[in-house]
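# Descriptive structure summary
Here is what each chain is made of, one letter per residue.
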Amino acid sequence: MKKSHPIRRVLLASAATVSGIVLLLSLKPATDSSSASAQGAAQGAAAAQESPQGGTSAAGASTITGTATQTEYGVVQVRLTVANGKITKAEAIQAPKGGTSDQKTALSVPKLNQEVVATQSADITSVTGATYTSGGYIKSLQSAIDKLKTANAAAPSQSSAAAAPAAQAKTVTGDVATTMYGPVQVRITVANGKITKAEAVQAPSGGTSDQKTALAIPKLNQEAVAAGNANIDSVSTATYTSGGYKKSLQSALDKAGG
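As a convention, each chain's residues are numbered from 1 in the sequence order in which they are written. Per-residue local features are limited, in this predicted model, to residues with pLDDT of at least 70; the limit for side-chain atom pairs, both in listing and counting, is 80 or more; totals at the level of whole chains, interfaces and linings are taken over all residues. The side-chain numbers reported here are obtained from all heavy atoms of the structure, hydrogens and water having been left aside.

## Observations regarding the overall build of the protein
For the record, the criterion: Runs of E in the DSSP output that reach at least two residues are strands. Runs of H or I that reach at least four are helices, and both are numbered from the N terminus. Partly exposed describes any residue whose relative accessible area lies between the buried limit of under 20% and the exposed limit of over 50%, with all areas from a 1.4 Å probe on protein chains only and scaled to the type maximum. Contact criterion: two residues are considered in contact whenever any of their non-hydrogen atoms come within 4.5 Å of each other. Methods summary: accessible areas were calculated by the Shrake-Rupley approach with a probe of 1.4 Å, and residue burial reflects only the protein chains presented.
The number of helices and strands found in the protein is six helices and eight strands. The helix and strand sequence of the protein, counted from the amino end, reads α-β-β-β-β-α-α-α-β-β-β-β-α-α. A burial count over the protein gives 33% of its 258 residues as buried. Restricting to contacts in the protein with at least 6 residues of sequence separation, those with at least 24 account for 43%. Surface accessibility of the protein: about 15,400 Å² in total, with carbon and sulfur atoms responsible for 56%.

As structure tokens, this is what we get:
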């Protein structure tokens, strides 16, 4: 039997080793490339699923929370979601509860939420049967809108047409006018020298005053906006409330420079 020559064995072993290295080198880049692609795809999918919390979302929406307002039956606090200069959602994160308050809250808050999105303002109608909750809701809502206006003024939107008027508007609260049945205080929003909104932040309440206030204040608010001044007609069934309203309205106009 012929023995293999030692040099031949070394050459064969070397050739096998070189072939193995070449084969590994030819396979490695493909493996690394596939891994990199898979890893990049996984990272992209994960990034797409992430949702920022407590601030601006991927769609450009932000949330603004109004001041908590104390009412006779509990605290009311409103939070708004705003996108592209518009209110897309309104919700009460605090509202009266317990006893009959549960029913009144369940009845009034959804209606108030819908009105806010529809009107894009705090100029909404109180829900009958939930006057205190409605009043607290509107106050907290107004504070949230005021915060939004301040934010727009500090950092105006690049493309929102609604942001410019909001930045120019200002809210002025008149002096408290004392009447026989309770204090009346008016707050107005003025933009471009015109009253765009009027509301009574204080008005007589209790007993028959509730009915008179509910009847008179909305009319007075509308007249103030329509007239643009304090020269408005009194509501015949609420003479004292009307008089106090006009006094406070005039003081607000004086402060606004109108």
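And the narrative resumes.
## Describing the pairing of strand S8 (residues 194-202)
Under the convention used in this document: What makes two strands pair is DSSP finding at least two bridges between them.
Pairing analysis gives seven bridges linking strand S7 (residues 182-191) to S8, with the strands arranged antiparallel. Among the inter-strand pairings, Val190 is bridged to a residue of S8, identified as Ile195. Between S7 and S8, which follow one another and run antiparallel, lie two residues, and Asn192 among them has a positive phi close to 55°.

## Things to note about the nonpolar core
Inclusion rule: As used here, the term nonpolar core means buried Ala, Val, Leu, Ile, Met, Phe, Trp, Tyr and Cys residues forming a set that is joined through side-chain atoms within 4.5 Å.
Residues Ile188, Leu220, Tyr245, Leu249 and Leu253 are the most contacted members of the largest nonpolar core, which totals 20 residues. Listed by contribution, the elements that provide at least two residues to this core are S7, S8, helix H5 (208-227) and helix H6 (239-256). Tyr245 has contacts with Val184, Val186, Ala198, Glu199, Ala200, Ile217, Leu220, Asn221, Ala224 and Ile232, leaving out every residue within four places of it along the chain.

## Description of a nonpolar patch on the surface
Note the threshold: Patch membership requires over 30% relative accessible area and the absence of a salt bridge. Like charges are linked within 9 Å, and nonpolar side chains (Val, Leu, Ile, Met, Phe, Trp, Tyr) within 5 Å. Whenever a carboxyl oxygen of Asp or Glu lies within 4 Å of a side-chain nitrogen of Lys or Arg, that contact is scored as a salt bridge.
On the surface, Met180, Tyr181 and Tyr240 cluster together to form a nonpolar patch covering roughly 360 Å² of accessible area. Counting through the fold element by element, Tyr240 comes out in helix H6.

## Side note on the packing of helix H2 (residues 100-119) against helix H3 (residues 131-154)
Heads up, the rule is: Working convention: axes come from line fits to C-alpha atoms, limited for helices to the stretch in contact. Angles between N-to-C directions cover 0 to 180 degrees. Handedness of a crossing is defined here by the sense of rotation of the near helix relative to the far one, left-handed for an anticlockwise turn of less than a right angle and right-handed for a clockwise turn. Gly falls in the polar group here, along with every residue not listed as nonpolar (Ala, Val, Leu, Ile, Met, Phe, Trp, Tyr, Cys, Pro) or charged (Asp, Glu, Lys, Arg).
Packing of H2 against H3 leaves a shortest axis separation of 11 Å and a crossing angle of 35°. Helix-helix and strand crossings are classified by hand; for H2 and H3 the assignment is right-handed. Taking contact as the criterion, the partners of Ser108, Val109, Leu112, Asn113 and Val116 in H2 are, on H3, Thr133, Ser134, Tyr137 and Leu141. Residue composition of the contact of H2 with H3, grouped by class: five nonpolar, four polar and no charged.

## A few points about unusual backbone geometry
Outside of glycine, negative phi angles account for most residues, and trans bonds account for most peptide bonds. The phi dihedral of Asn84 is positive, around 55°, even though this residue is not glycine. Counting through the fold element by element, Asn84 comes out in the loop between strand S3 (74-83) and strand S4 (86-94).

## Thoughts on the packing of aromatic side chains
Aromatic ring pairs: the centre-centre distance and the angle between the two ring planes describe each pair. Put simply, the test is: Two rings from Phe, Tyr or Trp (for Trp, the six-membered ring) form a pair when their centres sit within 6.5 Å of each other. Planes less than 30 degrees apart are called stacked, planes more than 60 degrees apart edge-to-face, and all others tilted. The rule for a charge over a ring is simple: NZ of Lys or CZ of Arg within 6 Å of the ring centre, and within 35 degrees of the ring normal.
Scanning the model with the defined rule gives two aromatic pairs in all. On the numbers, 5.5 Å between centres and 65° between planes, the contact of Tyr181 with Tyr240 is edge-to-face. In this pair, Tyr181 sits in the loop between strand S6 (177-179) and S7 while Tyr240 sits in helix H6, placing the two residues 59 residues apart along the sequence. The partly exposed category is assigned to Tyr240, whose relative accessible area is 44%. A cation sits over an aromatic face here: Lys104 above Tyr73, 5.7 Å from the ring centre. Positioned above the aromatic ring of Tyr181 is the side chain of Lys212, whose terminal nitrogen or guanidinium carbon lies 5.7 Å from the ring centre.

## Points about the layout of surface pockets
Our working definition: Within this scheme a cavity is a closed region of a 1 Å grid, computed over the protein atoms alone, that accommodates a 1.4 Å probe without allowing it to escape, whereas a pocket is open but has protein on both sides within 12 Å along at least five of seven lines; lining residues each have an atom within 4 Å of a point. Grid points are joined across faces, edges and corners, and a volume is the space filled by probe spheres set on the points.
Taken as a whole, the largest pocket encloses approximately 1,300 Å³ of empty space. Taken together, 46 residues form the lining of the largest pocket, with Ser126, Thr131, Gly135, Ala200 and Thr213 sitting closest to its centre. At the level of secondary structure, the elements contributing two or more residues to the lining of the largest pocket comprise strand S2 (69-71), H2, H3, S7, S8 and H5. It is H5 that provides the largest number of residues to the lining of the largest pocket, a total of nine residues. In terms of residue class, the lining of the largest pocket is made up of 18 nonpolar, 20 polar and eight charged.

## Brief notes about the pattern of salt bridges
Two side chains carrying opposite charge are able to pair once their charged atoms lie near each other. Inspection of the entire model under this criterion finds four salt bridges. Its salt-bridge partner being Lys197, residue Glu199 comes within 3.7 Å of it at the nearest N-O pair. Take Glu199 and Lys197: they sit in the same class, and that class is buried. Where salt bridges share partners, they join Arg187, Lys197 and Glu199 into one cluster.

## Digging into H5
As a reminder of what qualifies: Helix span, as expected, comes to 1.5 Å for every residue beyond the first.
Helix length check: H5 (20 residues) gives 28 Å between terminal C-alpha atoms against 28 Å at 1.5 Å per residue, within 8%. All of the buried residues along H5 are Ser209, Thr213, Ala216, Ile217, Leu220, Asn221 and Ala224. The secondary structure elements touched by the buried residues of H5 are S8 and H6.

## With respect to the confidence of the model for the protein
Selection rule: The predictor attaches a confidence to each residue, and that confidence, scored 0 to 100, is pLDDT.
Taken residue by residue, the protein gives an average pLDDT of 79. The fraction at 70 or more is 72%. Of the regions scoring below 50 in pLDDT, residues 157-161 engages in three contacts with residues more than four places distant in sequence or in other chains. This model gives residues 163-167 a pLDDT under 50, and the stretch forms five contacts once residues within four places in sequence are excluded.

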